[in-house]
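Understanding the architecture of this molecule
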Amino acid sequence: MDSLNQLIKSANNLVVFTGAGMSTESGLPDFRSANRGLWTRDQKQYLSSTNALNDHLQEFIEFYKKRVQGIHEFKPHKGHNILAEWEKMGVLKQIITQNVDGFHQEAGNEKVAELHGTLKKVHCETCGASYLSEEYLHGNYACSCGGVLRPSIVLFGEMLPEKPFLTAEEAAIKSDVFLVLGSSLSVSPANQFPLLAVETGAKLIIVNKEPTEMDGIADYVIHEPIGSVLKEINSKL
Ligand code: APR
């Protein structure tokens, strides 16, 4: 851990890449943890698709209403707060996140590229009007134009938003240390950013409870809970 602490301390351009494992210690489930993930436990991955929006609307809305409730019920944890401190200290240059819970911004990070959109908002599938996702909590699923309100996240079958993608690409290329926190790195194109960072000279650190698809190209792999790892690194900064 000492050489890892030294690597982070001496980084000129630290970039952090987070996945759903970053928010499990807040109380939100991830997707692929063995027997606990939304996909592994509940087999609900088909609901995270444009097909479900078009052909299983009732089930789609019920599933996302529960997830919207979750981001309002749970809060960022100490690990999120540490990353916000690192941004303020100038240690952390950019967060690239696959998460849609908004917890990095809630903890105080401003430089956050949300590759998969946000559950904080919903928008009309017909006219594009944007609303806060609290509409779902109030049982409102229709736009004033009559169109369906759907979460402003990227569903399987949809393109990633261009601006965060370009921000992430630039950050990965510029990074000299690329720290992955809580992702199985199994979904593209998001999982290409750690690869791009390594290809352009960065040291790669992966903190993930379970092995990931990119452990083989990492300089450091730590299969431990994110919260305790970030506390340990932070104590040595
Ligand atoms: N500390 C460290 N690792 C953890 C913790 C924790 N407290 N909790 C969970 N993990 C690890 C799990 O072992 C798992 O390998 O985090 C990883 C989360 O992986 P996934 O559930 O696959 O989530 P993610 O990689 O973010 O998924 C990517 O898939 O379904 C899509 O759009 C969805 O953005 C998501 C994308």
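Residues numbered from 1 in each chain as written. Predicted model: local features only at pLDDT ≥ 70, side-chain atom pairs only at ≥ 80, totals over all residues. Heavy atoms only, no water.

**Re the overall build of the protein chain**
Operational definition: Numbered from the N terminus, helices here are DSSP runs of H or I no shorter than four residues, and strands are runs of E no shorter than two. Both definitions apply: the radius of gyration is a C-alpha atom measure, and the globule rule equals 2.2 Å times residues to the power 0.38. Only protein chains enter the area calculation, which uses a 1.4 Å probe; residues under 20% of their type maximum are buried, those over 50% are exposed, and those in between are partly exposed. In this analysis, two residues are considered to be in contact whenever any of their non-hydrogen atoms come within 4.5 Å of each other.
A count of helices and strands for the protein chain gives 10 helices and nine strands. For 237 residues, the compact-globule estimate of 2.2 N^0.38 gives 18 Å, and the protein chain sits close to it at 18 Å. Projected onto its principal axes, the C-alpha coordinates of the protein chain cover approximately 55 × 35 × 30 Å. Put simply, the protein chain has 237 residues, and 50% of those count as buried. Taking the contacts inside the protein chain whose residues are at least 6 apart along the sequence as the reference set, 63% of them involve residues at least 24 apart.

**Here we look at the pattern of salt bridges**
In plain terms, the rule: Within this document, salt bridges are pairs made up of a side-chain nitrogen of Lys or Arg and a carboxyl oxygen of Asp or Glu, the two lying within 4 Å of each other.
A complete count under the given rule lists eight salt bridges for this structure. When the shortest N-O distance is used, the salt bridge between Lys78 and Glu85 registers 3.8 Å. Under the relative-accessibility criterion, Lys78 is labelled partly exposed at 40%. What makes Glu85 partly exposed here is its relative accessible area of 32%. The salt bridge involving Glu106 is made with Lys120; its shortest N-O contact spans 3.1 Å. Residue Glu106 is found in helix H6 (residues 103–107), and its partner Lys120 is found in strand S4 (residues 117–124); the two are separated by 14 residues along the sequence. A single network of salt bridges, built from pairs that share partners, joins Lys75, Glu106 and Lys120.

**Observations concerning the side chain of His104**
Within the secondary structure layout, His104 lies in helix H6. Taking the relative accessible area as the measure of exposure, His104 reaches 2% and is therefore buried. Apart from residues lying up to four places away in sequence, His104 is in contact with Thr18, Met22, His80, Leu83, Ile95, Thr97, Asn109 and Val112.

**Some thoughts on the packing of helix H5 (residues 78–89) against helix H10 (residues 226–236)**
Here is the rule we go by: Inter-axis angles, ranging from 0 to 180 degrees, are taken between N-to-C directions of lines fitted to C-alpha atoms, where helices are fitted over the stretch in contact. What makes a crossing left-handed is the near helix being turned counterclockwise from the far one by less than a right angle; a clockwise turn instead makes it right-handed. Just so you know the grouping, Ala, Val, Leu, Ile, Met, Phe, Trp, Tyr, Cys and Pro go in nonpolar, Asp, Glu, Lys and Arg go in charged, and all remaining residues, Gly too, go in polar.
Contact geometry of H5 with H10 gives a least axis separation of 9 Å together with a crossing angle of 35°. Crossing of H5 over H10 shows left-handed handedness. Only Leu230, Lys231, Ile233 and Asn234 of H10 make contact with H5, whose side of the interface consists of Lys78, Gly79, Ile82, Leu83, Glu85 and Trp86. Among the residues forming the contact of H5 with H10, the class breakdown is five nonpolar, two polar and three charged.

**Concerning the sheet that holds strand S9 (residues 220–222)**
Condition: Strands are labelled as partners when DSSP assigns at least two bridges between them.
Spatially, S3-S2-S1-S7-S8-S9 is the arrangement adopted by the six strands of the open sheet, whose pairing is parallel. Only two strands of the sheet have a single neighbouring strand rather than two, namely strand S3 (112–114) and S9. Strand-to-strand twist across the sheet, computed as the mean angle between neighbouring axes with direction ignored, equals 15°. Note: strand S2 (residues 92–97) against S3, three bridges, orientation parallel. Within S3, the residue paired with Ile96 across the bridge is Ala113. Most of the contacts of H5 go to S2, to which it runs at about 140°, and overall it touches strand S1 (14–18), S2 and strand S7 (177–181).

**Looking at the sheet that holds strand S6 (residues 149–153)**
Spatially, the three strands line up as an open sheet ordered S5-S4-S6, and their pairing is antiparallel. Each having just a single partner strand, strand S5 (130–132) and S6 make up the two edges of the open sheet. The sheet shows a mean angle of 45° between the axes of neighbouring strands, taken without regard to direction. Across three bridges, S4 lies against S5 in antiparallel orientation. Within S5, the residue paired with His123 across the bridge is Ser130.

**Quick notes on helix H9 (residues 192–199)**
Worth spelling out the cut-off: Regarding the arc, it is the one traced by the directions from the helix axis to the C-beta atoms.
Considered for burial, the residues of H9 that qualify are Phe193, Pro194, Leu196 and Ala197. All buried residues of H9 lie within an arc of 160° about the axis, which places them on one face of the element. The secondary structure elements touched by the buried residues of H9 are S1, helix H8 (162–174), S7 and strand S8 (203–207). Positioned one or two residues after H9, Gly201 has a phi angle of 100°, which is positive.

**Looking at the domain arrangement of the protein chain**
Let me state the cut-off plainly: Segmentation of the chain into domains, including their bounds, is taken from an automatic or database domain assignment. Using a 1.4 Å probe, buried area is obtained as the accessible area two parts lose upon being combined, added over both of them. Within 3.5 Å is the distance limit for a polar contact, defined as a pair of N or O atoms, with the added protein rule that one can donate a hydrogen and the other accept it, and that residues adjacent in sequence qualify only through two side-chain atoms.
Taken domain by domain, the protein chain comprises domain 1 (2–27 + 76–116 + 160–234) and domain 2 (41–73 + 127–153). A straight line from the C-alpha centre of domain 1 to that of domain 2 covers 28 Å. With four residues of domain 1 at the contact, the number on the domain 2 side is four residues. For the pairing of domain 1 and domain 2, the buried interface totals around 300 Å² over both sides, and the portion due to carbon and sulfur atoms is 64%. At the boundary of domain 1 with domain 2, the tally comes to zero residue pairs in polar contact (both at pLDDT 80 or more). Among the residues making up the side of domain 1 that touches domain 2, the classes are represented as two nonpolar, one polar and one charged.

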